[in-house]
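# A structural walkthrough
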Amino acid sequence: MRTPVIAGNWKLFKTIAEAMALVDGLKPLVAGTKGVEIVVAPVFTALSRVAEALADSNIRLAAQDCYWEEEGAFTGEVAPKLLKDAGCSHVIIGHSERRQYFGETDETVNKKTRAAIAAGLTAIVCVGETLAEREAGATFAVVETQISGGLAGLSAASLEQVVIAYEPVWAIGTGKTASDTQAQEVHAFIRSLVAKLFGNSAADAVRILYGGSVKPDNVKGLMAQADIDGALVGGASLKADSFAAIANFGA
Ligand code: PEP
C-alpha cells in the first residue's frame, strides 16, 4: 500500500504572517486526517517559522527548490542540509516554472535530487509535457527523458526518498485538469518506466502525484485511479479550507 501524499506548493505567495495564518487555519482541519502524508511548501523566508508552527501537527514541510552543493561561494542558493536545518522533510525539484523561467534542466534536476537525498530529504521531482508536446504526440517521450535524466544514477533503495509529480504544464494554474483517464495513462506509463529503470518493487512503492488545477471537486476522481498516489496542488493550497478538503479526499 502506498501512503498518498497531498502537497501544497505555495509558490511566490504569502508573507510570514500570512503563512502562519494559513497553517493555523489548516492544522485543525486536517488534525484527524489519517493515512495521508500532508506537506506544505512555503517560500524560503517562511520555512523556519512555519516549521515551528507545524511541530505539533501531522503536516510536513517542503522547500520549493534547493541547490546541489553543501556550501561555498554560491550566492543566493540554499543547500539541502540548510533546508533540513530549517525543518524541512521534503523539497520540490524541477517544477515546470523553474524549468520554464529559471533554466532548470534534467541535469540540474538530477544534481539537486541526489543532493536532497544525500541530505536526508524526500525529493518531489516534477515532470510533465507542454501543450505543444502533447499535441505533437510526444507526452511519453518527454516524460521518459525527464525521468531517466532526472533520476539518473540513483539506486533503487534511494528511490524511497523520491516522490514523482506528473504535472502537465498545460494544466498548471490554467483551470484545465487532465481527465482522470489522461492522468492515469501517464501515471501508468511512469510506473512502468520506473520498473524498467529501478525494478518492480521500487515501481510498486514509488508515489506518483498528479498536479495541475487539482481542486476539492476533482480530487476524488483522480485519487480513484490505480496509479495516482496523491496531488501536488498550487492555487487550491493557498486557502486552508480548499487544501484541507483535498487532503480529506477520502473522508
Ligand atoms: C503547481 O504549482 O504545481 C500546480 C499544480 O498548480 P495549480 O494547482 O494551481 O495548477
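Because the structure is predicted, anything quoted here is derived from the model rather than measured.

## Quick notes on the nonpolar core
If you look at the biggest cluster of nonpolar residues, it comprises 72 residues, and the most contacted ones within it are Ile-6, Leu-151, Ile-164, Ile-190 and Tyr-210. With near-sequence residues (within four places) excluded, Ile-190 lies in contact with Val-127, Val-143, Ile-147, Ile-164, Tyr-166 and Ile-208. Listed in part, the 12 residues of the second largest apolar core include Val-39, Ala-41, Ile-92 and Val-163.

## Side note on the pattern of salt bridges
Charged atoms that come close allow side chains of opposite charge to pair. Taken as a whole and assessed by the stated rule, the structure comprises 13 salt bridges. Residue Lys-27 is joined to Asp-56 by a salt bridge in which the shortest nitrogen-to-oxygen separation is 3.2 Å. Separated by 29 residues along the polypeptide, Lys-27 in helix α1 (residues 16–30) and Asp-56 in the loop between α2 (47–54) and β3 (59–63) bring together distant segments of the chain. Assessed through its relative accessible area of 19%, Lys-27 is described here as buried. Taking relative accessible area as the criterion, Asp-56 reaches 65% and is therefore assigned exposed. Linked by salt bridges that have partners in common, Arg-2, Arg-191, Asp-227 and Asp-229 make up one network.

## Quick word on the side chain of Asn-110
Structurally, the position occupied by Asn-110 is in helix α5 (residues 106–118). Among the polar contacts listed, one links the side chain of Asn-110 to the backbone oxygen of Gly-150, at a separation of 2.9 Å. Dropping the residues within four chain positions of it, Asn-110 is found in contact with Gly-149, Gly-150, Leu-151 and Ala-152.

## Description of the site of the ligand
Around the ligand, the structure places 14 residues, and the nearest of them are Lys-11, Glu-167, Gly-173, Ser-213 and Gly-234. Asn-9 places a side-chain nitrogen or oxygen 3.2 Å from an oxygen atom of the ligand. Considering the ligand on its own, with 290 Å² of exposed area, one finds that the protein chains cover 97% of that surface. When its residues are assigned to classes, the shell around the ligand shows four nonpolar, eight polar and two charged.

## Considering the packing of aromatic side chains
Going through the model one piece at a time under the given rule, you end up with five aromatic pairs. Between Tyr-67 and Phe-74, the aromatic rings sit 5.1 Å apart at their centres with planes inclined by 50 degrees, giving tilted as the arrangement. Overall, the relative accessible area of 13% leaves Tyr-67 in the buried class. Among the aromatic residues, those joined into a ring-pair cluster are Tyr-67, Trp-68 and Phe-74.

## Examining the pairing of strand β7 (residues 207–211)
Burial analysis of β7 places five of its five residues in the buried class, the great majority of the element. What you see with β7 is no split at all: Arg-207, Leu-209 and Gly-211 on one side and Ile-208 and Tyr-210 on the other are buried throughout. The pairing of strand β6 (residues 162–166) with β7 spans four bridges and is parallel. Paired with Ala-165 across the bridge in β7 is Leu-209. In the sheet, β7 pairs with strand β8 (residues 230–233) via two bridges, with the strands oriented parallel. By the bridge assignment, Tyr-210 is partnered in β8 with Ala-231.

Conventions adopted
Residues numbered from 1 in each chain as written. Predicted model: local features only at pLDDT ≥ 70, side-chain atom pairs only at ≥ 80, totals over all residues. Heavy atoms only, no water. Core = buried A, V, L, I, M, F, W, Y, C linked by side-chain atoms within 4.5 Å. Buried < 20%, exposed > 50% of the residue type's maximum accessible area, 1.4 Å probe, protein only. Contact = heavy atoms within 4.5 Å. Salt bridge = Lys/Arg side-chain N within 4 Å of Asp/Glu carboxyl O. Helix = DSSP H or I, 4+ residues; strand = E, 2+ residues; numbered from the N terminus. Polar contact = N/O pair within 3.5 Å; in protein donor to acceptor, adjacent residues only side chain to side chain. Near = heavy atom within 4 Å. Areas by Shrake-Rupley, 256 points an atom, 1.4 Å probe, with all protein chains shown as cover. Nonpolar A, V, L, I, M, F, W, Y, C, P; charged D, E, K, R; others polar. Phe/Tyr/Trp six-rings, centres within 6.5 Å; stacked < 30°, edge-to-face > 60°. Pairing = 2+ DSSP bridges.

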